[in-house]
Amino acid sequence: MAMTTSQTDTPASAVTLPSHHLLGIEGMDVLTMHRLLDRASYFADNLTNDVEQTLKGQTIVNLFFENSTRTRVSFEVAAKKLGASVLNISVAGSSVKKGETLVDTATTLNAMHPDILVVRHHASGAPQLLAQHIDAAIINAGDGRHEHPTQALLDALTIKRRFGKIEGLRIAICGDITNSRVARSNLYLLGGLGAEVRFVSPSTLLPPAIGDMGVAVYHDMAEGIKDCDIVMMLRLQTERMEGRETPSQHEYFNLFGLDSDKLEAAAPKAMIMHPGPMNRGVEIDSEIADDHERSLIHKQVEMGVAIRMACLEALAVTAAQKRSA
Ligand code: NCD
């Protein structure tokens, strides 16, 4: 029987992972999900306090092949709070070809013996490829359209701390699903934890294999977010588009942008989420995004640090156990 959020009695101790990498949510067992959330919740309660320096002496490399501010900084803050040394390497996405160049970069880094490599790359599967070539533990910080596990975990933590549970909640993930690694990871995670997840999107922004994903799909915002407890908006990820997927941004906003009128269809106390960065006036109206009563967007950023502390620590603990086995 799947364990539910309300049933978990796991103490907030460091988590050991079944694998020594964290490449995605797909295939993660429910107990590990709960344990990571419980540990992160402990860190969230102690974000301004000193915590045990479980990463002291460890070197963490943030290897980012795509632009990022919040995710990279979040990993850096999390690592430093646990006492690690952090090195940031940003490689301009357009000048780097996947394949050999990626593996060469990683092999060079490997010779410097980092403990954990945090990788963001525009190609789906890049972190998996690296995991085959280097000794360090790898965290996927977003690969192409594939997965973004720590974003999903921070979303789940934000929801759990706000609603006291995840199981049974109705969650609409709206907008550019096809280009979103956030949507995919959240479907695995929030669905795995017992939420009813829906995708709300124009058919041009849905992946071809949507029928195999086991998720309810809506093409109309009012229908899709009806009675939902959470409305999660996604950015139109134009950098991954070919050009004909959406009408004008104005028209897109009229049909799929979240404003106070459309939000009326959701549950009366529905909360708004967005992974950032936001395109204000395209997928979300500023009035909604900045509404402190309804928006969890800043909370998500805060919870990101706590989740990344739990994940980095889990990888360090898992590696130490492997070494002593
Ligand atoms: C997301 C990403 O990079 O996939 N953002 C993030 O990690 N903060 C979503 C996005 O870029 O729209």
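See the structure shown above.
Caption draft 1: Local environment of the overall build of the protein. Helices and strands together make up the secondary structure of the protein, namely 11 helices and nine strands. On C-alpha atoms alone, the protein measures out to a radius of gyration of 19 Å, which is about the 20 Å that the 2.2 N^0.38 rule sets for 325 residues. Pairs at least 24 apart in sequence give 76% of the contacts found in the protein among residues at least 6 apart. About 14,100 Å² of surface is accessible on the protein, with carbon and sulfur atoms providing 49% of the total. One way to put it: in the protein the 31 positive side-chain charges average out to a point 4 Å from where the 39 negative ones average out.

Caption draft 2: Seen up close, helix α1 (residues 30–45). Relative to the 22 Å expected for 16 residues at 1.5 Å per residue, α1 spans 23 Å between its end C-alpha atoms, a close match to the ideal helical length. Residues of α1 that are buried: V30, T32, M33, H34, L36, L37, D38, R39, A40, F43 and A44.

Caption draft 3: Main features of the sheet that holds strand β7 (residues 216–218). Pairing is parallel in the open sheet, where five strands are placed in the order β7-β6-β5-β8-β9. One side of each edge strand has no neighbouring strand; the edge strands of this open sheet are β7 and β9 (271–273). Adjacent strand axes in the sheet meet at a mean angle of 25°, parallel and antiparallel pairs treated alike. Bridge analysis of strand β5 (residues 170–174) against strand β8 (residues 230–233) gives four bridges, and the strand direction is parallel. What sits directly across from A172, in β8, is V231. Of the strands in this sheet, β5, β6 (196–200) and β8 are in contact with helix α6 (residues 181–192), which crosses β6 at around 160°.

Caption draft 4: Representation of the environment of G281. Looking at the element boundaries, G281 is found in the loop between β9 and α10 (286–289). Residues G281 and L234, 47 residues apart in the sequence, show an inter-C-alpha distance of 13 Å.

Caption draft 5: Inspection of the packing of helix α2 (residues 70–81) against helix α11 (residues 297–324) at higher detail. The contact between α2 and α11 brings their axes to 8 Å, and the two run at 55°. In terms of their interaxial angle, α2 and α11 are classed as oblique. Considering the relative orientation of α2 and α11, their crossing is right-handed. On the side of α2, the interface is formed by R70, T71, S74, F75, V77, A78, A79 and K81, while α11 contributes V301, G304, V305, R308, M309 and L312. When the residues that make up the contact of α2 with α11 are grouped by side-chain class, the tally is eight nonpolar, three polar and three charged.

Caption draft 6: Structural view of the site of the ligand. Lining the immediate surroundings of the ligand are R70, T71, R120, H148, Q151, R181, V182, R235, P275, G276 and P277. T71 is positioned with one of its side-chain polar atoms (N or O) 3.1 Å from an oxygen atom of the ligand. One of the backbone nitrogen or oxygen atoms of G276 is found 2.9 Å away from a nitrogen atom of the ligand. Taken by itself the ligand offers 310 Å² of open surface, and the protein chains cover 96% of this. Secondary-structure elements contributing two or more residues to the shell around the ligand are α2 and α6. Residues belonging to the shell around the ligand are distributed by class as follows: three nonpolar, four polar and four charged.

Caption draft 7: The arrangement of the sheet that holds strand β2 (residues 85–90) in detail. Pairing is parallel in the open sheet, where four strands are placed in the order β2-β1-β3-β4. Where the open sheet ends on each side, the last strands, each with one partner, are β2 and β4 (137–143). Put simply, the sheet's adjacent strands are angled 15° from each other on average, direction ignored. For strand β3 (residues 116–121) and β4, the ladder comprises five bridges, and the chain directions are parallel. Directly across from I116, in β4, lies its bridge partner A137.

Quick notes on the rules
Note that residues are indexed from 1 along each chain, following the sequence as it is written. For a predicted model such as this one, the threshold for reporting local features is a pLDDT of at least 70, and the threshold for listing and counting side-chain atom pairs is 80 or more; totals across whole chains, interfaces and linings nevertheless cover every residue. To get the side-chain values, take all heavy atoms of the structure and skip hydrogens and water. Secondary structure elements follow DSSP: runs of H or I of four or more residues count as helices, runs of E of two or more count as strands, with numbering from the N terminus. Using C-alpha atoms as the atom set, the radius of gyration is obtained and then compared with a globule rule of 2.2 Å times the number of residues to the power 0.38. Any two residues having at least one pair of non-hydrogen atoms within 4.5 Å are treated as being in contact. Exposure was quantified through the Shrake-Rupley algorithm and a 1.4 Å probe, taking into account, for residues, occlusion by the shown protein chains and nothing else. Only four residue types enter the tally: Lys and Arg on the positive side, Asp and Glu on the negative side, with His and both chain ends excluded. For the purpose of locating charges, the reference atoms are NZ of Lys, CZ of Arg, CG of Asp and CD of Glu. A helix's residues, less one, multiplied by 1.5 Å, set its expected span. Here's how the labels work: a residue is buried when its accessible area is under 20% of the maximum for its type, exposed when over 50%, partly exposed in between, all with a 1.4 Å probe on protein chains only. Strand pairing is defined by DSSP finding a minimum of two bridges between the two strands. Helix axes use the C-alpha atoms of the stretch in contact, all axes being lines fitted to C-alpha atoms, and the angles between their N-to-C directions lie in the range 0 to 180 degrees. In these notes the angle categories are as follows: under 35 degrees is roughly parallel, over 145 is roughly antiparallel, 65 to 115 is roughly perpendicular, and the rest is oblique. Rotating anticlockwise by less than a right angle from the far helix to the near helix defines a left-handed crossing, while the corresponding clockwise rotation defines a right-handed one. Each residue receives one of three labels: charged for Asp, Glu, Lys and Arg, nonpolar for Ala, Val, Leu, Ile, Met, Phe, Trp, Tyr, Cys and Pro, and polar for the others, Gly being one of them. Here a residue counts as near a molecule or strand whenever at least one of its heavy atoms sits within 4 Å of it. For the purposes of these results, a polar contact is taken to be a pair of N or O atoms within 3.5 Å, where, inside protein, one atom must be able to donate a hydrogen and its partner to accept one; residues adjacent in sequence count only when each atom of the pair is a side-chain atom.

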